[in-house]
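For reference, the chains in residue letters:
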Amino acid sequence: MEYFQKMAVQMQPQEFGVVEAGKFPEMIESPDDLQQEFICKVYLIIAIQLLLTMIGVVAVVILIQPLAYSLRSSSVGLPFYLVICIVGILVMCLSYCYHFASYMLLGVLTAALTLLVGLSCVVATGKAILDSVILTSVISVNLTLYTFWAASKGHDFEFLGPFLFCAIAVIIVLASIQILYPLGRVFFMIYGCFGSIAFCGYIVCVTDSLIIKSHAYERYIWAAVSLYVDLVNIFLLFLSIYKAVDC
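From a predicted model like this one, the values you see are computed outputs, not experimental measurements. (Residues numbered from 1 in each chain as written. Predicted model: local features only at pLDDT ≥ 70, side-chain atom pairs only at ≥ 80, totals over all residues. Heavy atoms only, no water.)

A.B. asks: Give me the lowdown on the overall build of the protein, citing residues and values where you can.
C.D. replies: Broken down by element type, the protein carries nine helices and zero strands. Element order for the protein, N to C, with α for helix and β for strand: α-α-α-α-α-α-α-α-α. For the protein, the residues scored as buried account for 37% of the 247 residues in total. Of the contacts made within the protein by residues no fewer than 6 positions apart, 85% connect residues no fewer than 24 positions apart. As presented, the protein carries roughly 15,000 Å² of accessible surface, and 74% of it is formed by carbon and sulfur atoms. (Helix = DSSP H or I, 4+ residues; strand = E, 2+ residues; numbered from the N terminus. Buried < 20%, exposed > 50% of the residue type's maximum accessible area, 1.4 Å probe, protein only. Contact = heavy atoms within 4.5 Å. Areas by Shrake-Rupley, 256 points an atom, 1.4 Å probe, with all protein chains shown as cover.)

Written out as structure tokens, the structure is:
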């Protein structure tokens, strides 16, 4: 009898120690599972954003088409576009800093960019919009697949960071020049081509750093926002090229 009592005392820490510590190996997610869940969340959010953007663009084109033409022909148009861009930038900064309000900020950003895209599509032809959508879709899908494949082979794209930073600075300078001193459709075509190439590089860099190699799995909204903004910029830049050609 004493033998069994000693055995029971010796087995208690081993049997219940795991329960007391709360460590259940079968309930702990592996890093691969967490990364897959993270990637699914990111692309699900992007898909919802793109769907809402398409619905919003159609609504803008149908409902407020006269407003878009009046904004384009009046002196209020440029400040209105700038306000939308500033709101988008502020929302991106806030969503990066304040994770607790990410979903609300995500909705505000999607609404602001949807309005911007809708107003841009109002003054473009159907062929230009369709061609821009097709080019953006094909390029983004191929760049994403290539980045995942290259990352699986051990390639690193961190070297793109300084070049992309300089490219964004050049884009801002060119946009400022176009606002102050309009240079015609040739400048628009050059600006659109250069900008689209730069944001294609951003898709590769964001996919590699924020999605594939990221271990901050709670930052999935920020990763989705970064990719969504890149996609919208590529579409708008392609649209500007087609509008310049059609002029």
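This is not the end of the story, as more comes after the structure.
A.B. asks: Describe the layout of surface pockets, naming the residues involved and giving the relevant values.
C.D. replies: Estimated volume of the second largest pocket: approximately 680 Å³. Those elements that place two or more of their residues in the lining of the second largest pocket are helix H2 (31–63), helix H5 (102–122), helix H6 (126–152) and helix H9 (220–246). Of the residues in the lining of the second largest pocket, the class split is 19 nonpolar, five polar and no charged. (1 Å grid on protein atoms, 1.4 Å probe; cavity = no way out; pocket = protein on both sides within 12 Å on 5 of 7 lines; lining within 4 Å. Points joined across faces, edges and corners; volume = space filled by probe spheres on them. Nonpolar A, V, L, I, M, F, W, Y, C, P; charged D, E, K, R; others polar.)

A.B. asks: Give me the pattern of salt bridges: which residues, what numbers.
C.D. replies: A full pass over the atoms with the stated rule returns two salt bridges. In this structure, the salt-bridge partner of Lys 41 is Glu 37, at a minimum N-O distance of 3.5 Å. Placement of both Lys 41 and Glu 37 in helix H2 is noted, with a separation of four residues, approximately one turn of the helix. For Glu 37, a relative accessible area of 35% gives the class partly exposed. For the salt bridge of Lys 127 with Asp 131, the shortest nitrogen-to-oxygen distance reads 2.9 Å. (Salt bridge = Lys/Arg side-chain N within 4 Å of Asp/Glu carboxyl O.)

A.B. asks: Talk me through the side chain of Thr 136; I want residue IDs and the actual numbers.
C.D. replies: With respect to the helices and strands, the residue Thr 136 is situated in helix H6. Apart from the residues within four sequence positions on either side, Thr 136 is in contact with Leu 231, Ile 234, Phe 235 and Phe 238.

A.B. asks: How would you sum up the side chain of Ser 196? Please name residues and give values.
C.D. replies: Turning to its location among the elements, Ser 196 is positioned in helix H8 (residues 185–212). Accessibility expressed as a relative area gives 5% for Ser 196, which makes it buried. In this structure, Ser 196 is in contact with Ile 234, Leu 237 and Phe 238, ignoring residues within four places of it in sequence.

A.B. asks: Can you explain the nonpolar core? Please cite residues and give values.
C.D. replies: Soluble globular proteins tend to bury their nonpolar side chains together. Core analysis: the largest hydrophobic core is formed by 52 residues, its most contacted members being Phe 38, Val 42, Leu 109, Leu 113, Val 117, Ile 211 and Val 225. Where this core is concerned, the elements lending two or more residues are H2, helix H4 (77–97), H5, helix H7 (160–180), H8 and H9. At 18 residues, the largest contribution of residues to this core is made by H9. For Val 117, the residues in contact, after removing those within four places along its chain, are Val 57, Val 232, Phe 235 and Leu 236. Grouped together as the second largest cluster of nonpolar side chains are six residues, Ala 150, Phe 157, Val 204 and Cys 205 included. (Core = buried A, V, L, I, M, F, W, Y, C linked by side-chain atoms within 4.5 Å.)

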